[in-house]
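# Breakdown of the fold
If you want the building blocks of each chain, they are given just below.
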Amino acid sequence: MANDPREREDQEGDLATQKKRKVEKVRRYKVVLHNDNYTTMEFVVLVLVKFFHKTDTEATHIMLSVHHKGSGVAGVYTKDVAETKVTQVQSFARQHGMPLRLSAEPE
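The structure displayed is predicted, hence computed values, not measured ones. (Residues numbered from 1 in each chain as written. Predicted model: local features only at pLDDT ≥ 70, side-chain atom pairs only at ≥ 80, totals over all residues. Heavy atoms only, no water.)

### Here's the deal with the overall build of the protein chain
Regarding its fold elements, the protein chain presents 4 helices and 3 strands. In the protein chain, the succession of α and β elements from N to C terminus is α-β-α-α-β-α-β. Once local pairs closer than 6 in sequence are excluded, the contacts in the protein chain between residues at least 24 apart make up 72%. Split by element, the accessible area of the protein chain, about 8,200 Å² in all, is 49% carbon and sulfur. (Helix = DSSP H or I, 4+ residues; strand = E, 2+ residues; numbered from the N terminus. Contact = heavy atoms within 4.5 Å. Areas by Shrake-Rupley, 256 points an atom, 1.4 Å probe, with all protein chains shown as cover.)

### Details of the packing of helix α2 (residues 41-52) against helix α3 (residues 56-69)
Between α2 and α3, the shortest axis-to-axis distance is 9 Å and the interhelical angle comes to 130°. Comparing their axes, α3 and α2 come out oblique. Read as a crossing pair, α2 and α3 show a hand that is right-handed. Between α2 and α3, the residues in contact are Met41, Val44, Val45, Leu48 and Val49 and Asp56, Ala59, Thr60, Ile62, Met63 and His67, respectively. (Axes fitted to C-alpha atoms, helices over the stretch in contact; angles between N-to-C directions. Parallel < 35°, antiparallel > 145°, perpendicular 65-115°, else oblique. Left-handed = near helix turned anticlockwise from the far one by under 90°.)

### Describing the side chain of serine 103
By the element assignment, serine 103 lies in strand β3 (residues 101-106). At 2.8 Å, the side chain of serine 103 and the side chain of histidine 34 are in polar contact. For serine 103, the residues in contact, after removing those within four places along its chain, are Lys30, Val31, Val32, His34 and Val86. (Polar contact = N/O pair within 3.5 Å; in protein donor to acceptor, adjacent residues only side chain to side chain.)

By themselves, these figures tell us nothing about what the structure is for.
Printed below as a string of structure tokens:
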């Protein structure tokens, strides 16, 4: 008989089981555009096409959601990607004199 308990289990004929590894889901974050009274609709569509790779139709639909409902989801990403997109878009908006507001929120 072996001194190591793992070896004993194998030798004593116990049922071999595999330990399941717990895989955690990566938390996803929504990049949300918020309505303001100054950023033009055309600029919001431009941002959605340029940074979020939306078609003109998708971008227009999201822009109208922002305009009518107060906010709209541009995309869902991992935390790092969402925060990077928010930073890039805010910088781009500032360069063009637009006060566009965005946030990364947990899904």
